[in-house]
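# Geometric and topological summary
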Amino acid sequence: RLRRKGIGTTLLISSLEWGANHACRMLSLEMQLKNDPAIRLAMKFGFDFIGFNDRYYSNHDVAVFYGKSLQ
């Protein structure tokens, strides 16, 4: 497994920096509702819950969406 190696944190920080440097107004994340580590990471970085979709995945898992303003 590659969890708890800082890969997600590094990718998220890079995405936030890239977005800020390219005049992006918002960054949104999508993950499965059962992905607790990803949800905790999003919340740690100040992302807010912005919605869900119970028909997003073909296996019928619920998708949750988090967003953060970059302005």
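Before reading on, note that the structure itself is shown above.
These notes cover the structure that comes with them. As the structure is a computational prediction, the values presented were derived from the model and not from experiment. (Residues numbered from 1 in each chain as written. Predicted model: local features only at pLDDT ≥ 70, side-chain atom pairs only at ≥ 80, totals over all residues. Heavy atoms only, no water.)

### Points about the environment of Leu27
Relative to the assigned elements, Leu27 resides in strand β1 (residues 26-32). You can call Leu27 buried: its relative accessible area is 18%. Put simply, Leu27 and Thr10 are 17 residues apart on the chain and 15 Å apart in space, counted from C-alpha to C-alpha. Setting aside chain neighbours within four positions, we find Leu27 in contact with Leu12, Ser15, Leu16, Phe47, Tyr66, Gly67, Lys68 and Leu70. (Helix = DSSP H or I, 4+ residues; strand = E, 2+ residues; numbered from the N terminus. Buried < 20%, exposed > 50% of the residue type's maximum accessible area, 1.4 Å probe, protein only. Contact = heavy atoms within 4.5 Å.)

### Some points on the sheet that holds β1
Read from one edge of the open sheet, three strands run β1-β3-β2, paired in antiparallel fashion. Bordering the open sheet on either side are β1 and β2 (48-53), each of which pairs with just one other strand. Between one strand and the next, the sheet's axes are offset by a mean angle of 25 degrees, whatever the strand orientation. (Pairing = 2+ DSSP bridges. Axes fitted to C-alpha atoms, helices over the stretch in contact; angles between N-to-C directions.)

### So, the packing of aromatic side chains
Going through the model one piece at a time under the given rule, you end up with three aromatic pairs. Summarising the aromatic geometry, the rings of Phe49 and Tyr66 are spaced 5.7 Å apart at their centres and angled 75 degrees between planes, so their arrangement reads as edge-to-face. Taken as a pair, Phe49 in strand β2 and Tyr66 in strand β3 (residues 63-69) lie far apart in primary sequence, 17 residues in all. The exposure class assigned to Phe49 is partly exposed, which follows from its relative accessible area of 45%. In this structure Tyr66 comes out as buried when scored by relative accessible area, which is 8%. Between Tyr56 and Tyr57 the ring centres are 5.1 Å apart and the planes differ by 90 degrees, which places this aromatic pair in the edge-to-face class. You can call Tyr56 partly exposed: its relative accessible area is 41%. Among the aromatic residues, ring-to-ring pairing joins Tyr56, Tyr57 and Phe65 into one connected group. (Phe/Tyr/Trp six-rings, centres within 6.5 Å; stacked < 30°, edge-to-face > 60°.)

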